[in-house]
Amino acid sequence: MKSLISQSEVYLETIDAYKKAGHAIAHFNISNLDQARAIVEVAEELKQPVIIGASEGERAYMGVEMVRKIVDELNQEYSIAIFLNADHTYSLEKVQEVIEAGYDSVIVDGAKLPYEENVALVKTCVDYVRLYEQKTGKRVLVEAELGYIGQSSSLNAALPEGVSEANLTTADQAKDFVLRTGIDMFAPAIGNVHGMLIDAVEPALHIDRLKEITAAVDVPLVLHGASGNTDEDLKGSIDNGIAIIHINTEIRKAFRDGEKEYMDAHPNEVAPYKFGKEGQEEMKKVVKAKMLLYAL
Ligand SMILES: [Zn+2]
């Protein structure tokens, strides 16, 4: 049986080890237990650690504490390390909620705010988390994002409003932001976009910009909105400093497609474990392909 306290302590060490090895850790979001199990079964098969993420909306649906309990239980059942991240969290109040519930990391998202307001929100949250660490001895990682990349893990007809090359993160901004906020991990905008385009190819990642940011900051870098990006772009991002890659829309779509196909073929079937199983199988194919790519 693994100790959950030591689990949180090895989180940053694991990220650093992956980064040094030229690999990235996979971060996948969940909305239910079916998805959680599908992710963990693949991770166990590949003997890779994995980060499970739950956004404010996903946490509200499943229950903030229930998500923690599910991941605790999975950590007892499986041998690999499973970390729990509170994805995109927009206020100090919501940060406090997940810290109290024992999440291993949290993303403070002030990316849509004016720069100084983003810095102020993130700094306030970092101060709160550090105080919590002093009181409890539990290390919690804080991540923040700079440069707007949209907000929904959905299928979109066009790029979200406000996403443009002019809003890519610069190396100077990244350096200032990381220094002033004291964050543990940083999510830049390098052409990545939340969600996926329905009928068009995703914009290419700006690997040259990523290189500049990697040279400017010391903390691990996280790629959000990686659904729909090409394998070549994902590998290029890992080779140039990305240590964690977030995928949500692609696994949501695979899960939905698997269930839908089964339901279409069996219109009178009502057992959730039967169509849920098909959703899991489709989703596992995507999870496996991504994890194999990140560990190449
Ligand atoms: Zn994200």
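Look above for the structure.
Residues numbered from 1 in each chain as written. Predicted model: local features only at pLDDT ≥ 70, side-chain atom pairs only at ≥ 80, totals over all residues. Heavy atoms only, no water.

Caption draft 1: Expanded view of the overall build of the protein chain. The secondary structure content of the protein chain amounts to eleven helices and ten strands. A compact globule built from 296 residues would reach a C-alpha radius of gyration of about 19 Å, and the protein chain, at 18 Å, matches this within 12%. Looking at the protein chain as a whole, 55% of its 296 residues are labelled buried. Looking at the protein chain alone, contacts between residues at least 24 apart form 72% of all its contacts between residues at least 6 apart. Working note: accessible area of the protein chain is about 12,900 Å², and carbon and sulfur atoms make up 54% of it. Across the protein chain, the 30 positively charged side chains and the 48 negatively charged ones have centroids separated by 3 Å. (Helix = DSSP H or I, 4+ residues; strand = E, 2+ residues; numbered from the N terminus. Rg over C-alpha atoms; globule rule 2.2 N^0.38 Å. Buried < 20%, exposed > 50% of the residue type's maximum accessible area, 1.4 Å probe, protein only. Contact = heavy atoms within 4.5 Å. Areas by Shrake-Rupley, 256 points an atom, 1.4 Å probe, with all protein chains shown as cover. Lys, Arg positive; Asp, Glu negative; His and termini not counted. Charge placed at Lys NZ, Arg CZ, Asp CG, Glu CD.)

Caption draft 2: Expanded view of the coordination of the zinc ion. For the zinc ion, the full set of protein donor atoms is H88 (NE2), H194 (NE2) and H224 (ND1), and the range of their distances to it is 2.0 to 2.1 Å. One chain supplies every donor for the zinc ion, spaced along it as H-x105-H-x29-H. One end of the pair, H194, is in the loop between β7 (185–188) and β8 (196–197); the other, H224, is in the loop between β9 (221–223) and α9 (231–239), with 30 residues separating them in the sequence. Its relative accessible area of 7% is what places H194 among the buried residues. (Donors = N, O, S within 2.8 Å, 3.2 Å for Na, K, Ca; no water.)

Caption draft 3: Structural context of the pairing of strand β1 (residues 25–29). Along β1, five of the five residues are buried, which leaves the element largely enclosed by surrounding structure. Burial along β1 is two-sided: the residues I25, H27 and N29 and A26 and F28 are all buried. In the sheet, β1 pairs with strand β10 (residues 242–247) via four bridges, with the strands oriented parallel. Note on β10: the bridge partner recorded for I25 is I244. (Pairing = 2+ DSSP bridges.)

Caption draft 4: View of the pattern of salt bridges. By the definition in use, this model includes 24 salt bridges. Residue K138 is joined to D104 by a salt bridge in which the shortest nitrogen-to-oxygen separation is 3.3 Å. Taken together, the residues span a long stretch of sequence, with K138 in the loop between α6 (115–136) and β5 (141–146) and D104 in the loop between α5 (92–100) and β4 (105–108) at a distance of 34 residues. Both residues of the pair, K138 and D104, count as buried. Between E250 and K290 there is a salt bridge, with its nearest N and O atoms 3.2 Å apart. One end of the pair, E250, is in helix α10 (residues 249–265); the other, K290, is in helix α11 (residues 272–294), with 40 residues separating them in the sequence. E250 sits in the buried class, given a relative accessible area of 17%. Owing to a relative accessible area of 6%, K290 belongs among the buried residues under this scheme. (Salt bridge = Lys/Arg side-chain N within 4 Å of Asp/Glu carboxyl O.)

Caption draft 5: Representation of unusual backbone geometry. One non-glycine residue, K47, adopts positive backbone phi at about 55°. Positionally, K47 belongs in the loop between α2 (33–46) and β2 (50–54).

Caption draft 6: Just helix α7 (residues 171–181), in detail. Of all the positions in α7, only A171, A174, F177, V178 and T181 are classed as buried. Viewed along the axis of α7, the buried residues span an arc of 130°, placing them on a single side of the element. Opposite the buried face of α7, at more than 90 degrees from it, the exposed residues are D172 and L179. Next to the buried residues of α7 lie α6, β5, β7 and α8 (207–216). Immediately downstream of α7, the backbone of G182 shows phi near 75°, a positive value. (Arc of directions from axis to C-beta.)

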